[in-house]
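The residues making up each chain are set out below.
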Amino acid sequence: MTDTRSGAKPRLSVLVPTPLLITEITEPAAYRNRSPHESDVHMHPGGQGLWVARMASSLGTDVSVSGPFGGELGALIRSMLDGLGMQVNAVRYGYGNGGYVYDLRGEDRETVAHMPPPELSRHELDDLYGTAFVDALASDVLTVTGAEPGDVVPAAFFGRLIRDTRDAGTTVVADLSGAPALAAVEAKVDVLKISHEEVRDLDLGSDDTPESLVGAGRALLERGAGAVVISRAKDPALLVTADSVREVSAPSITPLDHRGAGDSMTAGISVGLARGLDLVDAVALGASAGALNVARRGLGTGNRTTIEKFARQITVRTIS
């Protein structure tokens, strides 16, 4: 799956409302006859938007991120993104970014510390809107990701940005939940990617059966979405459009870390559309990126050649 346009490298703009610093404590890669308490420490730029951006970059797309950066953690995150070759459109953030410290040395991921970022001020929101909107106009696709925690950015912000960007002629993919997802739908987002748990939280479906989820997807279309992709963890995803419902299946893979599959899927869909692929092929690329990401250590990471080859093994079946 390559760029179908003539010679142009696709460009993706990603709204990142809450860039985070992720610190992970792991078992040492090699014991060097030192203290039995020795561990490895890894630091990564993280949060939903940056995981989407990293996977999109792995897929050979020019990626720019627009988000608030400030404080000690913000400076570290920006430095890491510079090292990854991403264009960073930084908005000043008076209170500074948040982060997590995870201990991965046991069977389960343990949260050692969590510093949530505060909500953006009026002026910071205005700066973020203008920065993201102008960058989106120079891109093939704008990908809108959510804030964590959700109160950092109001739902109306997402709807306004999506509506104005679409009116200006740029395709928009959104990976949102709750009130921001509904705001995106009302703004007529081109593609909404949402998980089955998030659909349930919106009270649009009675359960997690395919029939109920398809009904919820159609309800979101009626409200304004152009297409809805519902991820279902290990089960096949659903692509709901005005004229059909398709089931998107990947070969089974034993996961190393189940987190990040949905964000990688969003990245693949966005990159596919930026390349000029039709929606079905873009979703297949997204399903490939999501499936392979769970087999890796490191969210939002992957190998472009492997993902594109594996995309040929994705099965897309029309079910209605």
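Residues numbered from 1 in each chain as written. Predicted model: local features only at pLDDT ≥ 70, side-chain atom pairs only at ≥ 80, totals over all residues. Heavy atoms only, no water.

- Per an unreviewed UniProt entry, the recorded name for the protein is 1-phosphofructokinase, and the organism is Kocuria varians.
- According to the UniProt record, the Sequence similarities (unreviewed entry) comment for the protein is "Belongs to the carbohydrate kinase PfkB family." (UniProt positions renumbered as here; feature names shortened; annotations may be inferred.)

## A closer look at the environment of Ser252
Step number 1: Considering the arrangement of structural elements, one finds Ser252 in the loop between strand 13 (245-249) and helix 8 (261-275).
Step number 2: In this structure Ser252 comes out as exposed when scored by relative accessible area, which is 78%.
Step number 3: Spatially, the C-alpha atoms of Ser252 and Leu120 are 41 Å apart, while their sequence positions differ by 132 residues. (Helix = DSSP H or I, 4+ residues; strand = E, 2+ residues; numbered from the N terminus. Buried < 20%, exposed > 50% of the residue type's maximum accessible area, 1.4 Å probe, protein only.)

## Here's the deal with the nonpolar core
Step number 1: Membership of the largest hydrophobic core comes to 44 residues, with the highest contact counts inside it found for Val65 and Leu81.
Step number 2: Secondary-structure elements contributing two or more residues to this core are strand 1 (11-15), helix 1 (48-58), strand 4 (62-69), helix 2 (71-83), strand 12 (235-240), helix 8, helix 9 (279-293) and helix 10 (304-310).
Step number 3: At 8 residues, helix 9 tops the list of elements feeding residues into this core.
Step number 4: Contacts of Leu81, omitting those with residues within four sequence positions, involve Pro45, Leu50, Val65, Phe69, Met86 and Val88. (Core = buried A, V, L, I, M, F, W, Y, C linked by side-chain atoms within 4.5 Å. Contact = heavy atoms within 4.5 Å.)

## Looking at the sheet that holds strand 14 (residues 315-318)
Step number 1: Spatially, 5-4-1-8-9-10-11-12-13-14 is the arrangement adopted by the 10 strands of the open sheet, whose pairing is mixed. With partners counted over all chains shown, the strands left at the sheet margins are strand 5 (87-92) and strand 14, one partner each. Each adjacent strand pair in this sheet contributes to an overall mean axis angle of 20°, direction not counted.
Step number 2: Strand direction decides the pairing type here: strand 1 and strand 4, joined by 5 bridges, are parallel. Bridging from a neighbouring strand, Leu12 pairs with Val63 of strand 4.
Step number 3: Along the sheet face, helix 2 touches strand 4 and strand 5 and points at about 175° away from the line of strand 4.
Step number 4: Along the sheet, helix 3 (residues 122-137) contacts strand 1, strand 4, strand 5 and strand 8 (141-145); its crossing angle with strand 5, the most-contacted strand, is approximately 160°. (Pairing = 2+ DSSP bridges. Axes fitted to C-alpha atoms, helices over the stretch in contact; angles between N-to-C directions.)

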